[in-house]
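# Structural characterization, general
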Amino acid sequence: MNNSVYLFEKPHNEPVYSYAPGTPERKKLQEALAELASQKQEIMPIIGGKEISTGNMGTVVMPHDHHHVLANYHKVGEKEVTLALEAARKAHHDWSNLPWTERASVMMRIARLIATKYRYQLAAALMLGQSKNPMQAEIDAPCELIDFLTFSTYYAGKIYSDQPVSDLTMLNRMEYRSLEGFVLAVTPFNFTSIASNLNLAPAMMGNVTVWKPSTTSLLSNWLLMKIYKEAGLPDGVVNFLPGQGALIGRITTAASDLAGFHFTGSTATFNSIWKSIAGNIDHYHTYPRIVGETGGKNFVMVHPSACPEEVACALVRGAFEYQGQKCSAASRAYIPRSLWSKVKEVMCDMIKTIKMGDVCDFSNFVNAVIDEASFDNLAAYINRAKQSTDAEILIGGNCDKSVGYFVEPTVIVENKPDYETMCDELFGPVLSVFVYEDKDYTDTLRLVDKTSPYGLTGSIFSYDRYATEEALALLQHAAGNFYINDKPTGAVVGQQPFGGSRASGTNDKAGGPINLLKWCSPRCIKETYTPPTDYRYPFLG
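Residues numbered from 1 in each chain as written. Predicted model: local features only at pLDDT ≥ 70, side-chain atom pairs only at ≥ 80, totals over all residues. Heavy atoms only, no water.

## Observations concerning a negative patch on the surface
On the surface, Glu309, Glu310, Glu345 and Asp349 cluster together into a patch of negative charge. Listing elements by their share of the negative patch, those giving two or more residues are α10 (308–320) and α11 (337–352). Among the secondary structure elements, Glu310 is positioned in helix α10. Given a relative accessible area of 34%, Glu310 falls into the partly exposed group. (Patch = residues over 30% accessible without salt bridge, like charges linked within 9 Å, V, L, I, M, F, W, Y side chains within 5 Å. Areas by Shrake-Rupley, 256 points an atom, 1.4 Å probe, with all protein chains shown as cover. Salt bridge = Lys/Arg side-chain N within 4 Å of Asp/Glu carboxyl O. Lys, Arg positive; Asp, Glu negative; His and termini not counted. Charge placed at Lys NZ, Arg CZ, Asp CG, Glu CD. Helix = DSSP H or I, 4+ residues; strand = E, 2+ residues; numbered from the N terminus. Buried < 20%, exposed > 50% of the residue type's maximum accessible area, 1.4 Å probe, protein only.)

Below, the structure is given as structure tokens:
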């Protein structure tokens, strides 16, 4: 038996390819895009390692060309969800009892397959299926996905090696058991890396999952299942269930062995599933672990000491990269009157140069929003702003879904700090701006804190250290990830563990050890070498 204790070296973040003209990576990605676009996949549920045909079909289309069908997929019904629960139960014993280094080896092999064999194919799937430009695809999957895997093995080793104090009379040790049951993973469309991590972080700690993927990211998510299989992840450890969320949620939350719920998505959906779990609380073998990252209304607060050019660049990148469809996207900005003219000028000049269109044209910075429901919601907000006396469209505001779901990068200037686009999460390429009087800096900080129920990300632009510290103090609960002189997006695994509180989730910090700790159940064992034989303590003498 191998009884060695192994600790993985602290990894480095996966290098990000630039895809600049003339690079070999650009050519390989273009080839992968052409090949994948020419195919039509058939996506099936994968339960206990087996693909299952249901005949209840849906389609996967390109958001930027919604007449182009990339795949047809089979939706699960009650029968398939029940089969998935059985498959997870069957896989749990062997997987949870496998030495943790063996589980870690599977994770590392998945990472290497993505870094090499499947790098361009996976990036192409994100671009075509989720309408990401090359850079946004690259930083998601492969790069962040690889980082989640390599850092999780490192952090798991640190967790397992953390042991209590013993002395010459006793041995104390801590076992980090898997949870007693399965984990339900409900994943978002916007980051395939997050979808993977919601399954593989629990799996790293010995758990099994039932996976409800977003219907608008099925192409890349289904490819992940193929990679997991090739890497040697045992059948049934992750069970892939495309289909109706309400059906899957109802059956899984009613199962007595639900041990955890791992989620990224809307606050409303998270609240709904939490309530379902609460309604079944007397039925469970154990209290389910609930971990979720939900909505955000992320802010950029600007002090008069800030550099206007830096602010403008951060707003353009933070608000419009991936069409503003990031949980962390810059959604509202508070700019002092003294800087507004210059910030406005530089920002609008930048936006005027932005090209929007098909992901296969690498000169396009902005692509399509994810689907028609998102498009219609954004168009409604923009149209109301056009008609309101409390708001003005500074730039953008055009929407067209005839070919793809295209919404122009749009900046709305509000006269009232509580206008709806300053408060509501829009999840699209819309930035709301409120111009405040310089003398009202402190009051505006308080306004930032109370305007939104969320607490995910935010940033302060300031070169006045006292003003910066005041912002950190007054906004201490307004953001779980806070940036100084930077946009509020772009958290990197191992550098900025990600998550927020308030209506933004449980703040269990994906990309760090805190999240992994949620997926184990410690058992402390004490062994006494020479037990006493007399009940009397010295004070009785």
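## Here we look at the UniProt feature "domain: Aldehyde dehydrogenase" (unreviewed entry) in the protein chain
Summarizing the sequence annotation, UniProt attributes the feature "domain: Aldehyde dehydrogenase" (unreviewed entry) to residues 59–520 in the numbering used throughout. End C-alpha atoms of residues 59–520 are separated by 37 Å, and the span's content is 43% helix alongside 20% strand. (UniProt positions renumbered as here; feature names shortened; annotations may be inferred.)

## Considerations on the sheet that holds strand β18 (residues 430–436)
An order of β14-β17-β18-β13-β12-β20-β21 is seen for the 7 strands of this open sheet, with the pairing classed as mixed. The open sheet has two free edges, formed respectively by β14 (391–395) and β21 (481–484), since each of these has just one partner strand. Strand-to-strand twist across the sheet, computed as the mean angle between neighbouring axes with direction ignored, equals 20°. Taken together, the 5 bridges between strand β17 (residues 410–414) and β18 define a ladder with parallel strand orientation. Counterpart to Ile412 in the pairing with β18 is Ser432. Against the sheet, α11 touches β12 (298–302), β13 (330–336), β14, β17 and β18, its axis set at about 140° to β13. (Pairing = 2+ DSSP bridges. Axes fitted to C-alpha atoms, helices over the stretch in contact; angles between N-to-C directions. Contact = heavy atoms within 4.5 Å.)

## Notes on the pattern of salt bridges
Here the structure, examined in full by the defined rule, presents 24 salt bridges. Ionic pairing is found between Glu420 and Arg384, a salt bridge with its closest N-O pair at 2.8 Å. Remark: Arg384 occurs in helix α12 (residues 372–387) and Glu420 occurs in helix α13 (residues 420–423); sequence separation between them is 36 residues. The class for Glu420 is partly exposed, based on a relative accessible area of 24%.

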